Amino acid sequence: MSDYKLLIGGRLVAGDTTMPVVNPATEAVIADCPRGSAAQMDEAVAAAKAAFPGWAALPIADRRAAILRLADALNRRAEEFARLLTREQGKPLSESTAELAYTEAFLRSLATLDLPVRVVEDGERRRVELHRRPLGVVAAIIPWNFPLLIVAFKLPLALLAGNSMVIKPAPTTPLTTLRFGELCAETLPPGVVNIVTDANDLGARLSSHPDVRKVTFTGSTETGRRVMSSAAATIKRITLELGGNDAAIVLDDADPKAVAPKLFAGAFMNAGQVCLAIKRLYVHERIYDALCAELAALAEAAVVGDGLLPDVRIGPLQNRAQYDKVLGFLEDAGRDGRIIAGGAVTGGPGWFIRPTIVRDIADGARLVDEEQFGPILPVIRVTGIDDAVRRANASPYGLGASVWSSNPDRAYGVACRLEAGTVWINTHLDFGPTIPFGGAKQSGLGVEFAEEGLAEFTQLTVINRAINRAN
């Protein structure tokens, strides 16, 4: 029951009320967390607005140095943060440790980017320059599956560009983000970063606030639509990284024993609670039975339990609402297909579902057509490449996809036909700060990471200067 505080205007303050945070592995309350009020959210936005001019006026080198100091501070407390992350989110400690390492890496890598003035024309008649200027207050709305890493997807780009921020973590995983706020208070000027929690009741207020100039949101497509609607009144800039029902296609020349462990990892990391995880697996009929058998063996062997225990591979679902939702998918899977591994819950405390493999299921089943966001993988039989591509592209989502083959050139031809923001060949979930990331169709709007992501936090201003050569 450690003391956690909101961060508003450089001060660590109590919430107007509190709310419990539950360990999903034990269902025990681990902390009474501050719950921000509407007035505190408004105060945070006002603090960010007041801090913006001074922060934006700093040379980019000074802003970069501040972000790197923040990364240094996180490094010193990484072990503490990782254990707290497992307790509030549920993922195995090995995955939490990796999330902390990736968080630091994103802070450091994205801070190295620059915003030079670009000259697009310099002739006898005119000189045209492209300037990238900060927007103002950026609202960042963070989901519960990667509560610290996704902050690092957004914060270094927003701050490097010269913006100030208000961050709203998910109500079921606020603790590591609030601890991160302590580091921000130590390393950044007051008001540049503010962190306010809620009970899923302040998102619309934040995204519609007239002093917020941009909203960057990661979460479900349904919530993304609401964010987009809230931002419309003031024509806010928005970046949306939304749901993905990601398809993987395994061609007939793939080796089932070789690809099965990689497919399993791509589907069941963080108990399947990854936006880019494999959610639909299309397998050529020639190797269908063999690959199903390999995946089932891996699922049966996976150790499920409290993420703080050694050797645990699969932790719990993060919250009760998600657990109940996935149980509904599990019930449908038993009716629409054949469960060949998993399909069981522990029956004790904690929101655990064993990794589940479902075969002999087809498009039209809920488990195939909708994003389950949990440890259940449907394996769909296909007759050939055209059949697989048609089915993979039929979804309204298009976040990621992958193609698996012993012939990379053949896989490349398939990858070029898939409708997704990212398509991998013989790998999945391979991303990093130097690689632009965004979704197609209803999986998102805008781009994160790399130079393209940095540009999303700026206003493009064209300076067009007439040149009179006669003078």
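Each remark here, short or long, concerns the structure printed above.
Report follows, based on the coordinates.

Procedures and definitions
Residues numbered from 1 in each chain as written. Predicted model: local features only at pLDDT ≥ 70, side-chain atom pairs only at ≥ 80, totals over all residues. Heavy atoms only, no water. Pairing = 2+ DSSP bridges. Helix = DSSP H or I, 4+ residues; strand = E, 2+ residues; numbered from the N terminus. Axes fitted to C-alpha atoms, helices over the stretch in contact; angles between N-to-C directions. Core = buried A, V, L, I, M, F, W, Y, C linked by side-chain atoms within 4.5 Å. Buried < 20%, exposed > 50% of the residue type's maximum accessible area, 1.4 Å probe, protein only. Contact = heavy atoms within 4.5 Å. Disulfide = S-S within 2.5 Å.

Looking now at the sheet that holds strand β16 (residues 376–382). The strand order β14-β15-β16-β13-β12-β18-β19 describes an open sheet built from 7 strands, whose pairing is mixed. What marks the edges here is a single partner per strand, and that holds for β14 (338–341) and β19 (422–425). Pairs of neighbouring strands in the sheet enclose a mean axial angle of 25°, with direction left out of account. Two elements, strand β15 (residues 356–359) and β16, share 3 bridges in a ladder whose sense is parallel. Along β16, the bridge assignment pairs Ile 357 with Leu 377.

On to the sheet that holds strand β22 (residues 458–466). Sheets are built from strands paired through backbone hydrogen bonds, the pairs being either parallel or antiparallel. The 3 strands lie next to each other as β5-β6-β22, forming an open sheet whose pairing is antiparallel. A single partner strand is all that each edge strand has here, and the edge strands are β5 (118–122) and β22. Averaged over neighbouring strand pairs, the angle between their axes works out to 20° when direction is ignored. One ladder, built from 4 bridges, connects β5 with strand β6 (residues 126–134); its direction is antiparallel. The residue of β6 that forms the bridge with Arg 118 is Leu 130.

Counting 87 residues, the largest nonpolar core has Leu 155, Leu 159, Ile 167, Phe 180 and Val 193 as its most contacted members. Looking at this core, the element that brings in the most residues is helix α5 (residues 149–160), giving 10 residues. Residue contacts for Val 193: discarding those within four places in its chain leaves Leu 7, Leu 155, Leu 159, Met 165, Ile 167, Cys 184 and Leu 188. Formed by 30 residues, the second largest nonpolar core is a distinct cluster that contains Leu 330, Ala 365, Ile 380 and Ala 401.

Scanning the entire structure with this criterion turns up 0 disulfides. In this structure Cys 33 is a free cysteine whose sulfur lies 16 Å from that of Cys 184, the closest cysteine sulfur available. Residue class for Cys 184 comes out buried when judged on its relative accessible area of 2%.

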